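# Structural features, examined
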Amino acid sequence: MTTSTALTPTQAAARFGEFTLVDVRTPGEYATGHLPGAHNVPLDRLDEAAGVLKATADRAPLLIVCASGARSAKGCAQLAGLGIEAATLEGGTSAWAAGGHPIERPAGARATWPMDRQVRLAAGTLVLAGFLAGLAWPPAHWLSGAVGAGLVFSGVTNTCGMAAVLAKMPHNRPSKNTVSFQETLQRLAN
């Protein structure tokens, strides 16, 4: 089994030209801004792309990127389990941009919130709705309890069902002029 390495934005910038960049955020998040030259392979599709990513990693090291570094670390662990060596960018695109490094933003791209922020908003809204509805109808408090239990499960298992559902929402889908997943794989293969 291979291991993954975490690089700071400064370390990654110093070796920027060496890497093939893979952004594991949703297409909607990716479209709001990404590291220059990054290819979008969403986290939930890494297994599908494993063959191409293995061949790509054999040619040049992979740098896996997300918004904050959490999903890219998970992606590196997933790839390591498949025998594919990759590095993760500590702090993700947020730390990269905060360090003054360039971000590529396609013209006309929508501003989609990072997935962790979307999850916090959705979970908070459901908890508040359960609490308020429970004032009028006490069994509605169970909604808040169910969301709390889901968050505990998410923390323990390091998975997030709510993020998986939110990723399928229209605002997280790619625009019509976005490079398709299949085309991304073809670009990585070349």
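### Remarks on the overall build of the chain
- Broken down by element type, the chain carries nine helices and five strands.
- Buried residues in the chain amount to 37% of all 190 residues.
- Charge separation in the chain, taken as the distance between the mean sites of 15 positive and 12 negative side-chain charges, equals 7 Å.

### Topic: unusual backbone geometry
- Its identity as a non-glycine residue notwithstanding, Asn158 has a phi of 60 degrees, on the positive side.
- In this structure, Asn158 sits in the loop between helix H7 (141-157) and helix H8 (161-167).
- Taking the relative accessible area as the measure of exposure, Asn158 reaches 54% and is therefore exposed.

### Quick look at the environment of Trp142
- Tracing the chain through its elements places Trp142 in helix H7.
- The exposure class assigned to Trp142 is exposed, which follows from its relative accessible area of 69%.
- Measuring from C-alpha to C-alpha, the distance between Trp142 and Gly69 comes to 33 Å, with 73 residues separating the pair along the chain.

### As for the packing of helix H3 (residues 46-59) against helix H4 (residues 70-81)
- Between H3 and H4, the least distance of the axes is 11 Å, while the angle of their chain directions is 60 degrees. Accordingly, the angle class assigned to the pair H3 and H4 is oblique. As H3 packs across H4, the resulting crossing turns out to be right-handed. Two secondary-structure elements touch here, H3 through Leu46, Asp47 and Leu53 and H4 through Gly75, Gln78 and Leu79.
- A per-class count over the contact of H3 with H4 returns three nonpolar, two polar and one charged.

### So, the packing of H3 against helix H9 (residues 181-189)
- Packing of H3 against H9 brings their axes to within 9 Å, and their N-to-C directions diverge by 25 degrees. When the axes of H3 and H9 are compared, the pair comes out roughly parallel. Taken as a pair, H3 and H9 cross one another with a handedness that is left-handed. Residues Glu48, Ala49, Val52, Leu53, Thr56 and Arg59 of H3 form the contact with H9, whose participating residues are Phe181, Leu185, Leu188 and Ala189.
- The residue inventory of the contact of H3 with H9, partitioned by class, reads seven nonpolar, one polar and two charged.

### Details of the nonpolar core
- Judged by nonpolar contacts, the single largest core of 19 residues is most densely connected at Leu53, Leu62, Ile64 and Leu79.
- Among the elements of the structure, H3, strand S4 (62-65), H4 and H9 are those that each provide at least two residues to this core.
- It is H3 that provides the largest number of residues to this core, a total of five residues.
- If we ignore the near neighbours within four places in the chain, the residues touching Ile64 are Val22, Val24, Ser72, Cys76, Leu79, Ala86, Ala87, Thr88 and Leu89.
- Formed by twelve residues, the second largest nonpolar core is a distinct cluster that contains Ala12, Leu35, Ala38 and Ala87.

### Brief notes about the pairing of strand S5 (residues 86-89)
- Residues Ala86 and Thr88 of S5 are buried on one face, and the alternating residues Ala87 and Leu89, pointing to the opposite face, are buried as well.
- Sheet topology note: the strand S1 (residues 5-7)/S5 ladder contains three bridges and is parallel. Counterpart to Leu7 in the pairing with S5 is Leu89.
- As paired strands, S4 and S5 are joined by three bridges and run parallel to one another. Its bridge partner lying in S5, Leu62 is registered against Ala86.

### Re the packing of aromatic side chains
- Applying the stated criterion across every chain yields a total of one aromatic pair.
- In this structure, Arg45 packs its charged tip against the face of Phe181, placed 3.7 Å from the ring centre.
- Positioned above the aromatic ring of Trp113 is the side chain of Arg117, whose terminal nitrogen or guanidinium carbon lies 3.8 Å from the ring centre.

About the criteria used
Residues numbered from 1 in each chain as written. Predicted model: local features only at pLDDT ≥ 70, side-chain atom pairs only at ≥ 80, totals over all residues. Heavy atoms only, no water. Helix = DSSP H or I, 4+ residues; strand = E, 2+ residues; numbered from the N terminus. Buried < 20%, exposed > 50% of the residue type's maximum accessible area, 1.4 Å probe, protein only. Lys, Arg positive; Asp, Glu negative; His and termini not counted. Charge placed at Lys NZ, Arg CZ, Asp CG, Glu CD. Axes fitted to C-alpha atoms, helices over the stretch in contact; angles between N-to-C directions. Parallel < 35°, antiparallel > 145°, perpendicular 65-115°, else oblique. Left-handed = near helix turned anticlockwise from the far one by under 90°. Contact = heavy atoms within 4.5 Å. Nonpolar A, V, L, I, M, F, W, Y, C, P; charged D, E, K, R; others polar. Core = buried A, V, L, I, M, F, W, Y, C linked by side-chain atoms within 4.5 Å. Pairing = 2+ DSSP bridges. Phe/Tyr/Trp six-rings, centres within 6.5 Å; stacked < 30°, edge-to-face > 60°. Lys NZ or Arg CZ within 6 Å of the ring centre and 35° of its normal.

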